[in-house]
Amino acid sequence: MVTVRLVQGDIAAQAVDAIVNAAKSSLLGGGGVDGAIHAAGGPAILAACRRLRAGALPGGLPVGEAVATTAGRLAAKHVIHTVGPVHTPHEDRSHLLRSCYARSLAVADEIGARTLALPAVSAGAYGWPARDAADIAVTTVLTTPSSVTEARFVLFDQAMLRIFTEALENATTG
Ligand code: AR6
C-alpha cells in the first residue's frame, strides 16, 4: 500500500530510492526539474541518457513512457525519466499524463525502488493546468498497483503544495 506524501522543496535534494524526472523526449536535459536533476546529479546522468539514445531509444523516449538511469551524485540510487505531454486545449492528452505516473511506478518495481520522489509532471514548461495536473498525479499514484511504499510529491512552491493537498483530500475522502 503506497503512502502519498506532499512536501515543498527541490526534488533534486530528496533522499529516496528513485527520483522521477520531468524529462523531454530527447533525454538530453532542459530546464525546470530536468535542469535541477542534471545539475545536482552531475554528468553521469547525461552520459547514461546518451547511451540510451545510442542503444535502446534512438528516437528518444516516447511521451507517457519512463526509463531508469543512474542518479549520479544525487542522494538517490536511480532517476526515472518520464516525458509528460504538452498541454493543449484542442486534444485530451490526460491518458498520456496518467501513463507517466503508471509507467514510472512500473519501472520503480522493475528496479526495486520502494521510495519515490515525484514532480508535478507537465505542470511547468509543458503548460498543464495545475489543479488537473494534481488530480491526475494523485489519483493515478493511489490507484496503480505497485510495490512502492512512499510516493513523495515534491512541489516547488506553496501554491502548488496547496493544490496537491486539496487533490489528495478529494481523492481520499471521495
Ligand atoms: N523541484 C521540484 N519542482 C520543480 C523544480 C524543482 N527543482 N523545478 C521546477 N519545478 P517542469 P514539465 C516544478 O517545467 O512541465 C524541461 O525543460 C515546476 O514549478 O520542470 O513536464 C524538460 O527538459 C512545475 O510545477 O516540467 C522538458 O523540456 C513542475 O515542477 C520540459 O521542461 C514541472 O515543471 C518539461 O516540462
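Rules behind the numbers
Residues numbered from 1 in each chain as written. Predicted model: local features only at pLDDT ≥ 70, side-chain atom pairs only at ≥ 80, totals over all residues. Heavy atoms only, no water. Axes fitted to C-alpha atoms, helices over the stretch in contact; angles between N-to-C directions. Helix = DSSP H or I, 4+ residues; strand = E, 2+ residues; numbered from the N terminus. Parallel < 35°, antiparallel > 145°, perpendicular 65-115°, else oblique. Left-handed = near helix turned anticlockwise from the far one by under 90°. Contact = heavy atoms within 4.5 Å. Nonpolar A, V, L, I, M, F, W, Y, C, P; charged D, E, K, R; others polar.

Chemist: What exactly am I supposed to notice about the packing of helix α4 (residues 130-143) against helix α5 (residues 158-173) here?
Modeler: Between α4 and α5, the least distance of the axes is 9 Å, while the angle of their chain directions is 45°. Classed by the angle they form, the pair α4 and α5 counts as oblique. You can see that α4 and α5 cross each other, and the crossing is right-handed. Touching A130, R131, A134, D135, A137, V138, T139 and L142 of α4 are M160, I163, F164, E166, A167, L168, A171 and T172, all from α5. Tallied by class, residues from the contact of α4 with α5 come to 11 nonpolar, two polar and three charged.

Chemist: Honestly, the packing of helix α1 (residues 32-41) against helix α2 (residues 43-54) in this entry has me stumped. Any pointers?
Modeler: Axis angle and axis distance: for two packed helices, these are the angle between their axes and the distance between the axes, and together they describe the pair. Direction vectors running N to C along α1 and α2 enclose 115°, while the axes themselves pass 6 Å from each other. Overall, the two elements α1 and α2 adopt an arrangement that is roughly perpendicular. Here I37, H38 and G41 of α1 lie close against α2, whose contacting residues are P43, I45, L46 and C49. For the contact of α1 with α2, a count of residues per class yields five nonpolar, two polar and no charged.

In short, the description is geometric, and any link to function would need to be established separately.
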